[in-house]
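Here are the chains, one letter per residue:
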There are 2 protein chains.
Amino acid sequence: ISPRDYQTSHRTIQLPGLVNIAAFVPGLVSRDTDDLQSVSKASVAAGFSMIRVMPVAKDGSITDVKSLKIAQQNGKRGAYCDFNLSITATSDNAHQISHAAGEVGSLFIPFNHLSDNISKVAAVQAHFDAWPTHKPIITDARTTDLASILLLANLHNRRIHVTAVMTKEDIKLIALGKEKGMKVTCDVSIYSLYLSQKDYPGCQFLPTAEDQAALWEHLDTIDVFSIGSLPYQLAHFLKQPTDVAVGIADALPLLLTSVAEGKLTVEDVKTRLHDNPKEIFELHDQVGAGLEVEIDRPYTLKATGSWSPFTGKVLKATVQRVVFQDQVVCLDGSMLPVPPKGSDMSTHGAMPAMAAMA
Amino acid sequence: ISPRDYQTSHRTIQLPGLVNIAAFVPGLVSRDTDDLQSVSKASVAAGFSMIRVMPVAKDGSITDVKSLKIAQQNGKRGAYCDFNLSITATSDNAHQISHAAGEVGSLFIPFNHLSDNISKVAAVQAHFDAWPTHKPIITDARTTDLASILLLANLHNRRIHVTAVMTKEDIKLIALGKEKGMKVTCDVSIYSLYLSQKDYPGCQFLPTAEDQAALWEHLDTIDVFSIGSLPYQLAHFLKQPTDVAVGIADALPLLLTSVAEGKLTVEDVKTRLHDNPKEIFELHDQVGAGLEVEIDRPYTLKATGSWSPFTGKVLKATVQRVVFQDQVVCLDGSMLPVPPKGSDMSTHGAMPAMAAMA
Ligand SMILES: [Zn+2]
Ligand SMILES: [Zn+2]
Ligand SMILES: [Zn+2]
Ligand SMILES: [Zn+2]
Ligand SMILES: [Zn+2]
Ligand SMILES: [Zn+2]
Ligand SMILES: [Zn+2]
Ligand SMILES: [Zn+2]
């Protein structure tokens, strides 16, 4: 019994291996970088056994077979958790990338991202027509663009997932669409639930306090919690070191602190970090992956290698043990000296990953 | 028997009084102008016994009770055909104008007009929520805005009419929406069917030749032919006199010339200038209104008081006789000395116009 055990009552909870459906890997399409490996390592240490890598990176996007190959090569340098790759729609690559559909997990249609914008209704429709029917499509469309792509998805009878929803207007629109039977799902960046423009005035990629309140009110509409690129963008905005792992370790302690405070249930978290991601993105169940968390013991977050806006704040949950492929890989926050055993799961549904790479 | 009768075989056709669903009245919301009267006179001479006045004018828009009153006063100066007025949505007048709904024929939600733009999904939804359920809503939204408003109309279970459709992309989107059972209707400006950017390079409010071809290919998707503000805009663009009657007299001779050439049937025209406008905008049937046209006799269009881009071109149809309230008002292109007997029909469906004005 350590002295900490006397501080307060607490509980230990088991969770299955979690999924980050929007992992931001800055150097994804640069040759010979370890960013994907580093992100996978921080992810598994934080309880994520599967990451879906966003195809939009700091150095470019996966938009064709060539950029996809670079990301795949980076994946072969070894990952500490499973991952899958996606591909980004442009105004004119609909036909071309449909040939690569078997090698990626999903199609991303960007409206607001670092990459080139697709604003043309015709271009979006070309993608809906070319992309395999059962393969997921994700978008970051907002306001009138969001309404637009929801209509086009509906007209083409496609499911669509809206990523990083941040405003009252957008979450309400998605709620209404769901109510009317549209096949739409969405995620919210975890940082959006805990940080707002009230904390960081002028930071346009954070919600306003009113938007943030609306996100919490529409919890039932939020299918998935994600990490996304928001932590990286915030670090950059605040001129803090943009470590590739920024924001990953904060995810679960933040959400489970809300559990400790009665704002969320453990089931709310498990549904949005495991059950729904698996279902929406048709992911393998990962046998032998799981974690143990401790809830209800308050502590002050200490500075670590990665910058965090929550350093110095009181949190009430910690990840204590992470198991991947039936092996303990992280204990009390420290990675054990295990080799990277994660796989590129992008081809799941087509054929086993190994055969595709052969 | 006049000498003209020997030139070629021809046929005389009777049509019911026609409807221009988008009449542009430049001075609509200026005090004490005769623009509405002048437009009504040119309209009845051209075969239109009913005009739906666009609430967006050269000098401002009808956006509140005050501007509506000015337009109503202008209407009382006497009109030569029946008319109704509409009101324009702004970002924040949804509640206010719902109180004026009984006094106008429809709500116009502008995206691309001279007035202020409504781009916010929330503002459009506020209008859908506030505007009486059975009253028509019209929009000029294009591309992604068009897709957006179609979704919102669908989610709110509202009919919507899209005015002055001009591109291949938009007409295809509307065709797809109709195919999927959406309650959407549309009109095309008659000038868009006969003039393109090939004729007037750089004229952005005319369709490209490719767009124009798509409009003709999607004739089944076009519910209504309209006049709209396009003739006025074109005159302005070409630095021609912007007579308020510009484009009105050209409408029927152009369409019936296409009948003479086998590109349209008389029924195609009647459906789009009478039957569908009545049904979509829930208009009174006008007893004692009608016209007689002569088709198949070619003639060269001569210059008149109003500038026309078709002057000097060969047309094959003329309006010969127009009857309004059982009285001949126009004969062989000359107005007879009749008093203005048209009424403000805006309140139809609520209560008779006279009672509402008392
Ligand atoms: Zn091919
Ligand atoms: Zn299509
Ligand atoms: Zn599982
Ligand atoms: Zn598999
Ligand atoms: Zn009121
Ligand atoms: Zn609503
Ligand atoms: Zn009739
Ligand atoms: Zn009536």
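Note that the coordinates shown come from a computational prediction; the quantities given were computed from them, not determined experimentally.

For the rest of this paragraph, the subject is the confidence of the model for chain A. Residues and elements named next belong to chain A. Across chain A, pLDDT averages 92, with 93% of residues at or above 70. Throughout residues 350-358 the model reports pLDDT below 50, and contacts reaching past four residues in sequence, or to other chains, amount to 8 contacts. Across the predicted assembly, pTM comes out at 0.88 and ipTM at 0.84.

To continue, consider the coordination of the zinc ion (ligand 5). Protein coordination at the zinc ion (ligand 5) comes from His95(B) (NE2) and His99(B) (NE2), with a distance range of 2.0 to 2.1 Å. The same class applies to His95(B) and to His99(B), which are both exposed.

Residues and elements named next belong to chain A. Applying the stated criterion across every chain, the model contains 26 salt bridges over all chains. Close ionic contact of Arg11 with Asp296 constitutes a salt bridge, the shortest N to O distance being 3.1 Å. Of this pair, Arg11 sits in strand S1 (residues 11-16) while Asp296 sits in strand S12 (residues 290-300), placing them 285 residues apart in sequence. According to the relative accessible area criterion, Arg11 is partly exposed, its value standing at 35%. Arg77 is the partner of Asp34 in a salt bridge, and the nearest nitrogen-oxygen pair spans 2.9 Å. Linking Asp34 in the loop between strand S2 (18-23) and helix H1 (35-45) with Arg77 in the loop between helix H2 (65-75) and strand S6 (82-88), this pair joins segments that are 43 residues apart in sequence. Using a relative accessible area of 37% as the deciding quantity, one classes Arg77 as partly exposed. Three or more residues joined by partner-sharing salt bridges are found here, namely Asp32, Asp34 and Arg77.

Scoring rules and cut-offs
- Residues numbered from 1 in each chain as written.
- Chains lettered and ligands numbered in written order.
- Predicted model: local features only at pLDDT ≥ 70, side-chain atom pairs only at ≥ 80, totals over all residues.
- Heavy atoms only, no water.
- pLDDT = per-residue confidence, 0-100.
- Contact = heavy atoms within 4.5 Å.
- Donors = N, O, S within 2.8 Å, 3.2 Å for Na, K, Ca; no water.
- Buried < 20%, exposed > 50% of the residue type's maximum accessible area, 1.4 Å probe, protein only.
- Salt bridge = Lys/Arg side-chain N within 4 Å of Asp/Glu carboxyl O.
- Helix = DSSP H or I, 4+ residues; strand = E, 2+ residues; numbered from the N terminus.

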